[in-house]
Every structure is written in structure tokens, then in C-alpha cells.
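Residue strings, one per chain:
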Amino acid sequence: ALLPRHISSLIPILQSLEANNTQDIPSLVRALGGCGTPVCHTLLGDPPPTPVPIPEPWTLLAHLLHPNATTPEHGVVLAPDGSTVALAPLFAGIEVGLKRAMGWPGPTDQPYAALDVLYAVTITEALGTSFLLARVNGTAALGPDGCWDDVDNPQNFTLLGPPSLVPNAVANGAMDGVLLGTRLAEDPIPLSILFRRYYRVGNGIASGWPHSSSRRRDFGALMAVGKLEEEVAAMLRVLRGLSPTCELLEEVGEEEEADIARRAAREFMEAYVECPAIVPRCMWGARPYRGTPRPLSPPLGSIYIHHTFVPSNPCRSFAACARDMRSMQRFHQDTRGWDDIGYSFVVGSDGYLYQGRGWHWVGAHTRGHNSKGYGVGYVGNFSSGLPDPDAIALVRDGLIPCAVRAGWLHQNYTLHGHRQMVNTSCPGDALFQEIQTWHGFK
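Cut-offs used in this document
- Residues numbered from 1 in each chain as written.
- Predicted model: local features only at pLDDT ≥ 70, side-chain atom pairs only at ≥ 80, totals over all residues.
- Heavy atoms only, no water.
- UniProt positions renumbered as here; feature names shortened; annotations may be inferred.
- Helix = DSSP H or I, 4+ residues; strand = E, 2+ residues; numbered from the N terminus.
- Expected span 1.5 Å × (residues − 1).
- Bend = angle between axes of the 7 residues up to and from the residue.
- Buried < 20%, exposed > 50% of the residue type's maximum accessible area, 1.4 Å probe, protein only.
- Polar contact = N/O pair within 3.5 Å; in protein donor to acceptor, adjacent residues only side chain to side chain.
- Core = buried A, V, L, I, M, F, W, Y, C linked by side-chain atoms within 4.5 Å.
- Domains from an automatic or database assignment.
- Contact = heavy atoms within 4.5 Å.
- Pairing = 2+ DSSP bridges.
- Lys, Arg positive; Asp, Glu negative; His and termini not counted.
- Salt bridge = Lys/Arg side-chain N within 4 Å of Asp/Glu carboxyl O.
- Disulfide = S-S within 2.5 Å.

For the protein, the name recorded in an unreviewed UniProt entry is PGRP2 amidase, with Odontophorus gujanensis as its organism. According to the UniProt record, the Sequence similarities (unreviewed entry) comment for the protein reads "Belongs to the N-acetylmuramoyl-L-alanine amidase 2 family."

The structure is reproduced here in C-alpha cells:
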């Protein structure tokens, strides 16, 4: 059987390498097929040669890096929080952090000296190249997300649309690489312990430690959009002198180059920092829709806030939230006789939103108003207590502004509690009092 493509499969490999005193594991990752672009090679140097025969831990690591090199989603693993992480940018960032902890000054030759190496090897080379290719081909420069064939024993990951150089897995791996590289530069620890703590594997939960479900917030605290724009602009100047990327810049003047850097930085930050992650239906194990879904006609004019009541407790992990989503869908389909789970989106207390009917299809959340707005349900009973502050902010400061910006929701939208439209106590007294302070409440 093939090794499950999960972070929990990676940690024993790291432990084995550490027990054998393997030096510079991130460089080993590059030797086995990690970050191998011209910029990465120039900035980080030659990786060590691979021995013959290859030891078993190396073989297992190579499997995780290259399950199938012909597919665009190769080299990704599933994290316990339900997110997919590309290993190449993750380990490249970790390598920079460990080098900096040893006093490494970074490149001194121009134009490489203008780069922040940590961002160069994780995100800005991929981001700059992706936006250049999108300019030529008319394709998307960011995304898409994807889904695994089996959450418990993941082997195959399938993208949900045409690939870019920065699909969601690369964005996640890049942000994790920046965050963990920054952490290691200040306090080097064994990578097996680092991964246990950050990805919360087994008993790896540690008080005060950052964790993967907060990657967007933590990355945003490190990197402002203006700083990312400067880094992408510096990278484009480097790419202008490299083959084959120089061909992509032949007809790009300085003004357009600056515009590409500006758009790349803004769109990346909007998609992966300012807007919350939404777990797609295939990841939480949704049943098929019954019948034919009715399309919405966005932008819509309203948001309706709910609480689930049952389940009555907030879900605080991907496994728990996915289980709750499946339970609610069964109840809505089998007991209520609806075509699908009723909500447009569901809010977990694990840092994520979960796709129900989504942006495109009429839901079954607010009788008489389902085609007029989106129904957003918080998992839990909030009659007397509130959701976590992060879960409140996920909708108030994340989902709603992003929906307006993307054209799903009118700029002058109205926000209501379920009880205002239907005879019900939903969304609970405490949550209803809270949403009265939100923008757009009527």
C-alpha cells in the first residue's frame, strides 16, 4: 500500500532522518525534487547528492514529493485542518529560516540582493511567473482548490479547475513556509516537533504556538500588500534576466511590470489573506444534490444569519466540522425532504467556512427569501453565549466584504437574523444581539 499523503505520514520520516543525524533535511527535500527553479537554485545553492542505493526514509519522502510527476497537483499533502499543503515552498521557507538561524547573510550579488529570500523561494517567484503566464495565455493566475479521494487515507488529489502556478495548495505551502521559516530563524527546533505543533498532530498541541488554521491571519500580520508588491516587483526584475522567463517580459515595459506586481500582490492578499478559506463540498464528504439545483442571480441583496441549534456545540476541528456537515445534510435531505443541506455556507469554530449550497444555487435556509440572499449558519446553539471572536470575524470581517468585492453580494446589502424573516428563535438571543452591531443590519 502506498503511504497516505498526509502530514502525519511525513512526521515519522522526519523523526527517522533526525535520529540518523541527517544534516539539512530541507536541502535533502530539494535534492529529491523540491524547490528546483532557477531562482531557488541560485539563492539556496546546490542540494546534496542522493546516495545509491537510496535509504528507505528518503524513498518515502520522495514518494510524498512525487506521487505522479505528470499531474499538476503533485507534491502535496493533507493537513489535519483539512487544508492541502505543497511541500516544495514549505520546505524552502524552512531552509531559509534554518540558514538565517546560523547567521546566513543571504545573496549579495545584484539583482538577487534586492530579494527577501524567504519570500522569493516560497511565493514571489511562483506569483510573478504565474501572473506573467496569465497575461499571455488569458488563464487564471491563482487557484484552484481541490479535493482528496479519501480524507483518512489520502492518495490522489484532484484540482477543481484549470491549474495555475499558484493553486491553493501552493499558497498554503508558501504561507506555512514563511511562518515556519520566520519561527525557526528565531528558535531552531527539530522539524518533527515543529510540524507536530504547527499542524497539531497527535499530542503536538502547545499553548501559545501558531497553528495552520490561522495561517491567513498570521501571514497577513507579517506581510502587508505593499511589502508583497515590492517583493514581486524585485522578483520580476530578476526573472527578466533568466531563461525562459525573460521571454515573458520581452514586451513588458516598466509601467506594465509595476502593474503586474501591484495586481499580483493585491489579488493574492485578497484571495488568501483577507478572504476566509471555504472548505469545498467534496472535502467534507457531501452527498450529491438531489434533483436539479435552481441557479441564483447574483449579486444578491441580503445575508441571513442562523445558528444550527443542533448540533448544539461548536465544532473545533476539521474532522468534527465535516462530521457535523454530513449529519446536517442527512437530516435536511432524509428528514426534511430537502434537495440538499439548506445553508449556503456554514461557519465552524476551527477557522474555516464550509460550502453548503454555495454562491451559485438557491438554498433552503430562510423560507420565502431563499432566492434573495445567502444563508450563513454558525455550528452551535447561541441562545445564551456567542461564537468565538474568530468565528464572528470570519463572517463579519471576511466572508461578507469578500462577497461584496467579488460581486456575489450588493454593496448596499442588508443583513438579517433568521427570526426577522420567519417565526423562529434562530439565530439565538446572544448571536442575534451581536449581529445587530454589524454593518448592513436592518
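## A closer look at helix H6 (residues 117-137)
Given 3.6 residues per helical turn, the α-helix brings residues three or four places apart onto the same face. Under the 1.5 Å per step criterion, the end-to-end length of H6 is 28 Å for 21 residues, consistent within 8% with the ideal 30 Å. Ile 123 marks where H6 bends most, by close to 50°. Counting buried residues along H6, 16 of its 21 residues qualify, which places the element largely inside the surrounding structure. Sitting at the head of H6, Asp 116 places a side-chain oxygen 3.1 Å from the backbone nitrogen of Leu 118. Phi turns positive, to about 70°, at Gly 138, one or two residues after H6.

## A few points about the nonpolar core
Counting 74 residues, the largest nonpolar core has Leu 127, Phe 219, Phe 268 and Tyr 354 as its most contacted members. By residue number, the principal contributor to this core is H6, which donates 10 residues. Of the residues that make up this core, three or more belong to each of domain 1 (7-274) and domain 2 (282-436). Residues within four places of Phe 268 in sequence aside, it is in contact with Ile 123, Leu 127, Leu 142, Val 166, Ala 171, Met 175, Phe 219, Leu 228 and Val 273. Core analysis: the next-biggest nonpolar cluster, separate from the first, contains 32 residues, Ile 13, Leu 32, Leu 61 and Val 85 among them.

## Some points on the pairing of strand S9 (residues 373-378)
Counting buried residues in S9 gives 6 out of 6 residues, a clear majority hidden from the surface. Pairing of strand S6 (residues 300-307) with S9 involves 6 bridges; the strand directions are parallel. Within S9, the residue paired with Ser 302 across the bridge is Gly 373. In terms of strand pairing, strand S7 (residues 345-347) meets S9 through 3 bridges, oriented parallel. If you follow Phe 345 over to S9, its bridge partner there is Val 376.

## Considering the UniProt feature "domain: Peptidoglycan recognition protein family" (unreviewed entry) in the protein
Those places that UniProt annotates as "domain: Peptidoglycan recognition protein family" (unreviewed entry) correspond, in this numbering, to residues 276-422. Across residues 276-422, helical content stands at 27% and strand content at 21%; the span's end C-alpha atoms are separated by 28 Å.

## Side note on the side chain of Thr 308
By the secondary structure assignment, Thr 308 is in the loop between S6 and helix H14 (318-335). A polar contact is formed between the side chain of Thr 308 and the backbone nitrogen of Gly 380, at a distance of 2.9 Å. Ignoring anything within four residues of it in the chain, the contact list for Thr 308 reads Met 328, Tyr 343, Tyr 378, Val 379 and Gly 380.

## Structural notes on the side chain of Glu 125
Mapped onto the fold, Glu 125 is located in helix H6. Despite its burial, Glu 125 pairs with no opposite charge; the closest candidate is Arg 30, at 11 Å N-O. If sequence neighbours within four positions are ignored, Glu 125 has contacts with Thr 37, Pro 38, Val 39, Cys 40, Ala 120, Met 235 and Leu 239.

## Description of the state of the cysteines
Using the criterion set out here, one finds 4 disulfides in the structure. The partner cysteine of Cys 147 in its disulfide is Cys 282, sulfur to sulfur 1.6 Å. Here the S-S torsion is close to 75°, and the disulfide linking Cys 147 with Cys 282 is therefore right-handed. Within this pair, whereas Cys 147 is found in strand S3 (residues 146-148), its partner Cys 282 is found in helix H13 (residues 281-284), the two being separated by 135 residues in sequence. Under the relative-accessibility criterion, Cys 147 is labelled buried at 7%. With a relative accessible area of 37%, Cys 282 lands in the partly exposed category. The disulfide partner of Cys 315 is Cys 321, and the S-S distance across this bridge is 2.1 Å. Between Cys 315 and Cys 321 the disulfide shows an S-S torsion of about 95°. By sign, it is right-handed. Summarising the burial analysis for this pair, Cys 315 and Cys 321 share the class buried.

## Focus on the UniProt feature "domain: N-acetylmuramoyl-L-alanine amidase" (unreviewed entry) in the protein
Within the UniProt annotation, "domain: N-acetylmuramoyl-L-alanine amidase" (unreviewed entry) is assigned to residues 288-428. In residues 288-428, helix accounts for 26% and strand for 21%; the two terminal C-alpha atoms are 30 Å from one another.

## Some points on the environment of Leu 242
Checked against the element boundaries, Leu 242 lands in the loop between helix H10 (225-239) and helix H11 (245-248). Judged by its relative accessible area of 16%, Leu 242 is buried. With 189 residues separating them in the primary sequence, Leu 242 and Pro 53 have C-alpha atoms 35 Å apart. Among all residues touching Leu 242, those that are not within four sequence positions of it are Pro 38, Val 39 and Tyr 112.

## Focus: helix H4 (residues 56-65)
When we look at burial in H4, the residues that qualify are Pro 57, Trp 58, Leu 61, His 63, Leu 64 and Leu 65. Those residues of H4 that are buried are in contact with helix H1 (7-19), helix H2 (25-31), strand S1 (76-78) and helix H5 (87-101).

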